Amino acid sequence: MLMKSPTQSLTEQLSARISERIRNRLLAPGARLPSVRQCAQQNGVSPSTVVAAYDQLLAQGLVEARKNRGFFVRESARAVGAADDETHPVDPAQESAAANWSTAHWFAARAAGRGGRSVSPVNATALIRGMFHKVSDKPQPGMGVFPPQWLESTFMPAAVRKVTSSRSLQDFSLQYGEPLGDAGLRRLLAKKLATLNVHTVPEHIITTVGATHALDIVSRTLLRPGDPVMVEEPGWAVEFARLAALGMHILPVPRRADGPDLEVMAKYCEVHKPKLYVSVSVFHNPTGYCLTPGSAHRILQLANQHNFHVVEDDTYSHIAPEHATRLTALDGLQRTIYVSGFAKILAPNWRIGYLAAPPALVEQLLDTKLLATLTTPALLEKALALCIEQGQLRRHAERIRTRLDAARARSVKLAMSAGCTFAAEPVGLFGWVETGVDTDALSQRMLDEGYLLAPGALFHAERKPSTLMRINFATTQDAAFWRTFERVRSEQGR
């Protein structure tokens, strides 16, 4: 709720709040703003204040008014602030016309739109931007990472100091690193993979700038625009967005507790002849499901029969059981490509990921890496190798798992006390929660309270209304969030 201020009017405060969300992509291009009446109720101001604020946004070029429909974020918002207004002044005639039309529009919309719901969806990039542009200092339920204080350690800075104090620092700093990645790190990664029954050699491992970069390398190597790709649904919102941006034909495969819907996969194979299947086999995002051996064998049979590759994203391997079923372990890296990284468990800003591939694909994948980034930072890769070699990463992961187990128990209890249920068994980092209300609308109302949610619609290839949301167990153990959630959900249901 907005409060009167001697330095800024309520209109200016509301306009600034909305414009900041637009610039940070918390309100996506094309998203509909709340109706004037709804916005006034949400912010505790008069309808005339909202009209004036929307007029300012119109004049800045951030929103547009569509007759009989409402106000929408412009697909390409031109204005970026006062400095932009100086270099790209608004035509006074257009500004006046926009202001006059918007005020008249409000009365028409108010008469025609009573009881209607306006939704301004949080999209995949909004969650990413939320990692860099904090909505508030409160724990964020929609984030996909551990809180920074969970990742604090003394061994990582020590490893960097040790590497930088080495006599060889100047040698490897003044030249590009090895194309495949630091040899010492790749040897240790091969040993680590062996504990998961994924057997490979250092020469078949490529380090990357995070796991997302590894997925991108695979896509750019094996696919061309328009190629059909099977992706689990619900699934990782960023993967849908990334593949769509590359121009791929996305084939959503329903994800069940035991694995993907094999009948749907088989039909896709017959009709579309997909080139790739992207899977999170262990601690699937957002449901937490783990693949069963029977489903894994059938997937590999389909891959061999219909000649497509499988990329297995094992991002959550550090908090998952070693004995969990992995496609790459059963396949022996023949049609499968293994992807993982360390951002989730260790150091997000080190941006170290990797992939392990079939021998026949290694050179092609390496070419794609070199064209995009040349090599990867040897300094951080050597520091990470030290953390693995000395057992510090393993002990750190054990502490995180213990802490997460306790957080999950508290979050589940609070969620159920707030009237929510779980659509999947609560395991891993995420919970797939049934709220009973439209979570797109709920997410916008919760933004006003300082909380960024991950609505269920985000996790579908084609956005559709959902009453589900993904929560991060590490950031939802605060009773204050659930009290706010209950209040806002109750207000939304009126």
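Look above for the structure.
Note that the structure is predicted; figures quoted are calculated from it, not measured.

The rules we used
- Residues numbered from 1 in each chain as written.
- Predicted model: local features only at pLDDT ≥ 70, side-chain atom pairs only at ≥ 80, totals over all residues.
- Heavy atoms only, no water.
- 1 Å grid on protein atoms, 1.4 Å probe; cavity = no way out; pocket = protein on both sides within 12 Å on 5 of 7 lines; lining within 4 Å.
- Points joined across faces, edges and corners; volume = space filled by probe spheres on them.
- Helix = DSSP H or I, 4+ residues; strand = E, 2+ residues; numbered from the N terminus.
- Nonpolar A, V, L, I, M, F, W, Y, C, P; charged D, E, K, R; others polar.
- Axes fitted to C-alpha atoms, helices over the stretch in contact; angles between N-to-C directions.
- Left-handed = near helix turned anticlockwise from the far one by under 90°.
- Contact = heavy atoms within 4.5 Å.
- Pairing = 2+ DSSP bridges.
- Phe/Tyr/Trp six-rings, centres within 6.5 Å; stacked < 30°, edge-to-face > 60°.
- Buried < 20%, exposed > 50% of the residue type's maximum accessible area, 1.4 Å probe, protein only.
- Lys NZ or Arg CZ within 6 Å of the ring centre and 35° of its normal.

### Examining empty space enclosed by the protein
Take a probe with the size of a water molecule and roll it over the atoms, and the empty space left behind shows itself. One pass over the structure, following the stated rule, counts four cavities of 30 Å³ or more. The volume enclosed by the largest cavity comes to roughly 150 Å³. What lines the largest cavity is a set of 14 residues, among which I18, R21, P34, Q42 and D448 lie closest to the centre. When contributions to the lining of the largest cavity are tallied by element, the ones reaching two or more residues are α1 (10-23) and α2 (36-43). In terms of residues, the lining of the largest cavity owes the most to one element, α1, which gives four residues. Looking at the lining of the largest cavity, its residues break down into seven nonpolar, four polar and three charged.

### What about the packing of helix α11 (residues 211-222) against helix α12 (residues 237-245)?
Packed helix pairs are characterised by how far apart their axes lie and by the angle those axes make with each other. The N-to-C vectors of α11 and α12 enclose an angle of 35 degrees; their axes lie 11 Å apart at closest approach. In this structure, α11 meets α12 at a crossing whose hand is right-handed. On the side of α11, the interface is formed by T212, L215, D216 and S219, while α12 contributes E239, R242 and L243. When grouped by side-chain class, the residues that make up the contact of α11 with α12 number two nonpolar, two polar and three charged.

### Quick look at the sheet that holds strand β7 (residues 309-313)
Taken in spatial order, the seven strands line up as β3-β9-β8-β7-β6-β4-β5 in an open sheet, and their pairing is mixed. Looking at the sheet topology across the chains shown, the edges are occupied by β3 (205-208) and β5 (249-254). Strand-to-strand twist of the sheet, defined as the mean angle between neighbouring strand axes without regard to direction, takes the value 20 degrees. The pairing of strand β4 (residues 228-233) with β5 spans six bridges and is parallel. What sits directly across from P228, in β5, is H249. Where α12 meets the sheet, it contacts β4, β5 and β6 (276-279), and its direction lies at approximately 165 degrees from that of β4. Across the sheet, helix α16 (residues 359-373) is in contact with β3, β7, β8 (336-341) and β9 (353-356); its angle to β3 comes to roughly 15 degrees.

### Notes on the packing of aromatic side chains
In this structure the tally under the stated criterion is 11 aromatic pairs. When the centroid spacing of 5.0 Å and the interplanar angle of 65 degrees are considered together, the rings of Y451 and F481 count as edge-to-face. With Y451 in the loop between α19 (439-447) and β12 (454-455) and F481 in helix α20 (residues 479-492), this residue pair connects regions lying 30 residues apart in the sequence. By relative accessible area, which is 3% here, Y451 ends up buried. Accessibility expressed as a relative area gives 1% for F481, which makes it buried. One Lys or Arg, R66, reaches over the ring of F72 and ends 4.0 Å from the middle of that ring. A cation over an aromatic ring shows up here: R470 above the ring of F430, its NZ or CZ 4.0 Å from the ring centre.

### Some points on the environment of D367
Its place among the elements puts D367 in helix α16. C-alpha of D367 to C-alpha of P179: the two residues are 188 residues apart in sequence and 9.1 Å apart in space.

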